[in-house]
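One-letter residues, chain by chain:
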Amino acid sequence: MASLVCRSVFAATRRGVSTTAVRAADRAMNDPLEHATGIEKREILAKQAGREDPYEMQVYKRVAGTKDKPNVVPSVADYRVVGCVCEEDATAINWMWLYKGEPKRCECGYWFKLVDSKPV
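Residues numbered from 1 in each chain as written. Predicted model: local features only at pLDDT ≥ 70, side-chain atom pairs only at ≥ 80, totals over all residues. Heavy atoms only, no water.

Asker: Would you mind going over the overall build of the protein with me for this structure?
Answerer: The helix and strand tally for the protein stands at three helices and five strands. Listing the helices and strands of the protein from first to last along the sequence gives α-α-α-β-β-β-β-β. A burial count over the protein gives 19% of its 120 residues as buried. Sequence separation of at least 24 residues holds for 44% of the intrachain contacts in the protein that already meet a minimum separation of 6. (Helix = DSSP H or I, 4+ residues; strand = E, 2+ residues; numbered from the N terminus. Buried < 20%, exposed > 50% of the residue type's maximum accessible area, 1.4 Å probe, protein only. Contact = heavy atoms within 4.5 Å.)

Set out below in structure tokens:
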């Protein structure tokens, strides 16, 4: 008897679902700039202005890195954390703090200097 009740309950809960494709040719998504606010809006505006990396997060290749011609690191603040991969095959990154106006030498011998960057 219990099995008949279970079968009838499951049979009643199974329903066919049919879906149809909605044609939305006359509708379009709004521009993301219209909905963005705050930092997201500033990022979108910076990318539209041609600044692909507004936070200067990209990886830079080291240049000569001498005391007279150090590697330039852009920053909006007066300080920044910089990571140096001292050897090409190294698996560890040498992290150091850079402060504006004070060039700093990494353990591998390369020099780094903090310069001003325009904010987002």
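Asker: Whenever I open this one, the side chain of Arg 80 confuses me. Can you help?
Answerer: Considering the arrangement of structural elements, one finds Arg 80 in strand β2 (residues 79-84). In this structure Arg 80 touches Tyr 55, Glu 56, Met 57, Val 73, Pro 74, Ser 75, Met 96, Trp 97, Leu 98 and Leu 114, once residues within four positions along its chain are discounted.

Asker: Which parts of the structure should I look at to understand the pairing of strand β3 (residues 94-99)?
Answerer: Within a regular strand, side chains alternate between the sheet's two faces. Alternating residues of β3 divide into Asn 94, Met 96 and Leu 98, all buried, and Trp 95, Trp 97 and Tyr 99, none buried. By the bridge criterion, six bridges tie β2 to β3 in an arrangement that is antiparallel. Bridge pairing in β3 places Tyr 79 opposite Tyr 99. (Pairing = 2+ DSSP bridges.)

Asker: Whenever I open this one, the layout of surface pockets confuses me. Can you help?
Answerer: Left-over empty space is what a probe sized like a water molecule reveals as it rolls over the atoms. If you add up the space inside the largest pocket, you get close to 690 Å³. Lining the largest pocket we find 22 residues, and of these Gln 58, Val 59, Tyr 60, Val 82 and Gly 83 sit closest to its centre. Listing elements by their share of the lining of the largest pocket, those giving two or more residues are β1 (71-75) and β2. A total of five residues in the lining of the largest pocket trace back to one element, the largest contributor, which is β2. Here the lining of the largest pocket is composed, by residue class, of 13 nonpolar, three polar and six charged. (1 Å grid on protein atoms, 1.4 Å probe; cavity = no way out; pocket = protein on both sides within 12 Å on 5 of 7 lines; lining within 4 Å. Points joined across faces, edges and corners; volume = space filled by probe spheres on them. Nonpolar A, V, L, I, M, F, W, Y, C, P; charged D, E, K, R; others polar.)

Asker: Which parts of the structure should I look at to understand the nonpolar core?
Answerer: One recurring pattern in soluble globular proteins is that nonpolar side chains are buried together. In terms of nonpolar packing, the biggest core is built from eight residues, these being Val 73, Val 82, Cys 84, Met 96, Leu 98, Cys 106, Phe 112 and Leu 114. Going through the elements one at a time, β2, β3 and β5 (111-116) are the ones with two or more residues in this core. For Val 82, the contacting residues outside a window of four places in its chain are Val 73, Asn 94, Trp 95, Met 96, Leu 98 and Phe 112. (Core = buried A, V, L, I, M, F, W, Y, C linked by side-chain atoms within 4.5 Å.)

Asker: Explanation requested: the environment of Tyr 99 in the structure shown.
Answerer: Relative to the assigned elements, Tyr 99 resides in strand β3. Expressed as a C-alpha distance, the spacing of Tyr 99 and Arg 80, which sit 19 residues apart in the sequence, is 6.7 Å.

Asker: Any chance you could explain the UniProt feature "binding site: Zn(2+)" (unreviewed entry) in the protein here in plain terms?
Answerer: In the numbering used here, UniProt assigns the "binding site: Zn(2+)" (unreviewed entry) feature to Cys 84, Cys 86, Cys 106 and Cys 108. A stretch of 25 residues holds the annotated residues, and the largest C-alpha distance among them is 8.7 Å, short enough that they meet in one place. Lining residues of the largest pocket drawn from the annotated set just named are Cys 84. On the accessibility criterion, Cys 84 (2% relative accessible area) is buried. Beyond its immediate chain neighbours, meaning those up to four positions away, Cys 84 contacts Arg 62, Ile 93, Asn 94, Met 96, Cys 106, Cys 108 and Phe 112. Judged by relative accessible area, Cys 106 falls into the buried class, the value being 3%. Beyond its immediate sequence surroundings of up to four residues, Cys 106 is in contact with Cys 84, Cys 86, Asn 94, Met 96 and Phe 112. (UniProt positions renumbered as here; feature names shortened; annotations may be inferred.)

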